[in-house]
Amino acid sequence: MLTSFITANTPRDINVERHVDADLLRPMTDKEICGNLLDAMVAGTDTTANMLCFVIYFLEKNPEVKQKLRQEFDSILGNDLTKPMTLKNIEELKYCDAVIKEVFRHIPVAFSLGRLSIENDMVGGYNWPKGTQFQIHTSALMMRDDYWTDPEKFDPDRFYKVEESDKYLLEKQHAKNSFMMWGGGIRICPGRKLAITELKCLIPLIYRKYDLELRSPLEYKSEILTSCEKLLVKVKPRKF
Ligand code: HEM
């Protein structure tokens, strides 16, 4: 990341895409590089780390989901635990994707999105002057029973092969606007691919080799992010 910041818009830049805005065609200043690194560390560490804790909690509470996930790992990644995963493997882990999404729907690490209006606008039937700060409570959207089938239920199938069944018809129609794990528009999370890749490497790394056992209830709190306060687990070699 540091290399790409330092080389951006210099002869060493490997990125062929160019911004049209002339101000962005210059190399980054040291201050901008530091700011962006700090952004990535702050926004990119706790989010993914807490997400992993919540995934572990839900997998331990839902053994049938864990079993289905392990079946996916075994069929795509095989039995050789020393073989490195490839990018293609990661892309193929579709059920793992669905598990991550369903965990996020239940305990979203980023539970609201902030926006500041730049012009007068009408939202929800009210006129709002420009400069109004809006907070979009996405965690509430993800639990509405007019957008989600049986929303309290933990079932990754609502994100998995939905086109093949009508069980999750509501999700099929509404997920685009009622599931915003990464936000949206110009401020969409720039670390989303990294985060999903990290999670889809870490989860199989743990669950292909180890059995976990919950040793405490999950404790978490929501401030700027939702973070795991306590989750004790016992880790043992996997019993096949
Ligand atoms: C599971 C992990 C993650 C989740 C759920 C997540 C979610 C989000 C969300 C919802 C936003 C707000 C987007 C919006 O306002 O539309 C955001 C912004 C951001 N995220 Fe992530 N993120 C994750 C991981 C990461 C990682 C790994 C990085 C960087 C390495 C990162 C860097 C950022 C930055 C810099 C912003 C601010 C973008 C801006 O305001 O222009 N995030 N993220």
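Check the entry above for the structure.
Since we're looking at a predicted model, the values are computed, not measured. Throughout this description, residue numbers start from 1 for each chain and increase along the sequence as written. Given that this is a predicted model, residues contribute local features only at a pLDDT of at least 70 and side-chain atom pairs are listed and counted only at 80 or more, while totals for whole chains, interfaces and linings are drawn from all residues. Side-chain metrics rest on all non-hydrogen atoms present in the structure, leaving aside hydrogens and water.

S.K.: Is there a simple way to explain the pattern of salt bridges in this structure?
M.R.: Side-chain pairs of opposite charge can arise where the charged atoms are in close proximity. Just to be clear on terms, a salt bridge is a Lys or Arg side-chain nitrogen sitting within 4 Å of an Asp or Glu carboxyl oxygen. Applying the stated criterion across every chain yields a total of 16 salt bridges. In this structure, the salt-bridge partner of Arg 26 is Glu 32, at a minimum N-O distance of 2.8 Å. Residue Glu 32 is classed as partly exposed on the basis of its relative accessible area, which comes to 30%. Lys 88 is the salt-bridge partner of Glu 92, the closest N and O atoms lying 2.9 Å from each other. Residue Glu 92 and its partner Lys 88 are located together in helix H4 (residues 87–92), separated by 4 residues, close to a single helical turn. The rule is simple: take the accessible area with a 1.4 Å probe, protein chains only, and divide by the maximum for that residue type; under 20% is buried, over 50% is exposed, in between is partly exposed. Of the residues examined, Glu 92 reaches a relative accessible area of 31% and is grouped as partly exposed. The network of salt bridges with common partners includes Glu 102, Arg 105, Arg 158 and Glu 171. The secondary structure listing takes helices from DSSP runs of H or I that are at least 4 residues long and strands from runs of E that are at least 2 residues long, numbered from the N terminus.

S.K.: Help me understand the packing of aromatic side chains in this model?
M.R.: The description of an aromatic ring pair uses the distance of the two centres, along with the angle that the planes make with each other. The aromatic pairing rule takes the rings of Phe, Tyr and Trp, using the six-membered ring of Trp, and pairs them if the centres are within 6.5 Å, calling planes under 30 degrees apart stacked, those over 60 edge-to-face and the rest tilted. All chains considered together, the criterion is met by 10 aromatic pairs. Relative to Phe 179, the ring of Phe 159 lies with its centre 4.8 Å away and its plane at 55°, an arrangement referred to as tilted. One end of the pair, Phe 159, is in the loop between helix H6 (138–141) and helix H7 (169–178); the other, Phe 179, is in the loop between H7 and helix H8 (192–209), with 20 residues separating them in the sequence. By relative accessible area, Phe 159 is classed as buried at 16%. Relative accessible area serves as the criterion here: at 13%, Phe 179 is assigned to the buried category. Members of the aromatic cluster, each reached through a chain of ring pairs, are Phe 104, Trp 148, Phe 159 and Phe 179. Geometry around Trp 148 places Arg 105 over its ring, the cationic atom sitting 5.2 Å from the centre. For a Lys NZ or an Arg CZ to count as sitting over a ring, it must be within 6 Å of the ring centre and within 35 degrees of the ring normal.

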